[in-house]
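# Structural overview
Here's the letter readout for the chains.
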Amino acid sequence: MTTTTESKADAQRRIANRLKRARGQLNAVIDAVESGADCRTVVTQLSAVSSALDKAGFAVISTAMRECLAEPDESPTTDASERLSVDELEKLFLTLS
């Protein structure tokens, strides 16, 4: 296994962990709403979910950017249709900001 593959696998694991934490936070928001929690509690928890999802999105884009910089030419392990251009990465980044 190459270093790039290992770092990609690590990045995917970290992103999945972030998303799982966000799922747990979202469950807490749903529970708070269903139990009639006060507005401050619900909004605070919702803000945490939103932040967690944004961070996961930025991590996805960051991983893609690192791959493009590390392997600017098409690599044999990456399908050309899956590779993102710099313009596409920028557009994705801006959708999160």
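Here goes a summary of the coordinates provided.

How each quantity is defined
- The numbering scheme is per chain: residues are counted from 1 as the chain's sequence reads.
- A pLDDT threshold of at least 70 governs which residues receive local features in this predicted model, and a stricter bar of 80 or more applies before side-chain atom pairs are shown or counted, although totals over entire chains, interfaces and linings include all residues.
- The basis for every side-chain value is the complete set of heavy atoms in the structure, and neither hydrogens nor water enter the calculation.
- The helix and strand labels rest on DSSP assignments: H or I over at least four residues marks a helix, E over at least two residues marks a strand, and numbering proceeds from the N terminus.
- Each residue gets one of three labels from its accessible area relative to the maximum for its type: buried under 20%, exposed over 50%, partly exposed in between, using a 1.4 Å probe on protein chains only.
- Note that accessible areas follow from Shrake-Rupley with a 1.4 Å probe, and for residues the cover is restricted to the protein chains shown.
- Patches here: salt-bridge-free residues with over 30% relative accessible area, like charges joined within 9 Å, nonpolar side chains (Val, Leu, Ile, Met, Phe, Trp, Tyr) joined within 5 Å.
- The rule for a salt bridge is simple: a side-chain nitrogen of Lys or Arg has to be within 4 Å of a carboxyl oxygen of Asp or Glu.
- We score Asp and Glu as negative and Lys and Arg as positive, and we do not count His or the chain ends.
- Note on charges: their place is set at NZ of Lys, CZ of Arg, CG of Asp or CD of Glu.
- Two N or O atoms form a polar contact when they lie within 3.5 Å of each other; inside protein one atom must be a possible hydrogen donor and the other a possible acceptor, and for residues adjacent in sequence the pair counts only when both atoms belong to side chains.
- Note on contacts: a residue pair qualifies if any of its non-hydrogen atoms lie within 4.5 Å across the two residues.

### So, the overall build of the protein
A count of helical and extended segments in the protein gives 3 helices and 0 strands. Starting at the N terminus and walking to the C terminus, you meet the elements of the protein as α-α-α. The burial tally for the protein puts 21% of its 97 residues in the buried class. Per element, the accessible surface of the protein, about 7,200 Å² overall, is 56% carbon and sulfur.

### Regarding a nonpolar patch on the surface
The grouping of Leu26, Ile30 and Leu46 at the surface amounts to a nonpolar patch, some 240 Å² of accessible area in total. Among the structural elements, Ile30 can be located in helix H1 (residues 3-34).

### A short note on the pattern of salt bridges
Summed over the entire model, instances satisfying the criterion amount to 1 salt bridge. Across the salt bridge formed by Arg13 and Asp10, the nearest N and O atoms sit 3.9 Å from each other. Placement of the pair is Arg13 and Asp10 together in helix H1, with a separation of 3 residues, close to one helical turn. The partly exposed category is assigned to Arg13, whose relative accessible area is 46%.

### With respect to a positive patch on the surface
Together, Arg14, Arg18, Arg21, Lys55 and Arg66 make up a region of like positive charge exposed at the surface. Elements with a contribution of two residues or more to the positive patch: H1 and helix H2 (39-70). For the positive patch, the leading source of residues is H1, giving 3 residues.

### Description of the environment of Glu90
On the secondary structure map, Glu90 appears in helix H3 (residues 86-96). Overall, Glu90 belongs to the partly exposed group, its relative accessible area being 45%. Taking C-alpha positions, Glu90 is 9.4 Å from Met65, a pair spaced 25 residues apart along the chain.

### Observations concerning the side chain of Thr63
Within the secondary structure layout, Thr63 lies in helix H2. A polar contact of 2.9 Å, which involves the side chain of Thr63, links it to the backbone oxygen of Ala59. Once residues lying within four places of it in the same chain are set aside, the contact partners of Thr63 are Ala11 and Ile15.

### A look at the environment of Ala56
Within the secondary structure, Ala56 sits in helix H2. As a C-alpha pair, Ala56 and Arg18 span 38 residues in sequence and 6.0 Å in three-dimensional space. Residues contacting Ala56, with those up to four places away along its chain left out, are Ile15, Arg18 and Leu19.

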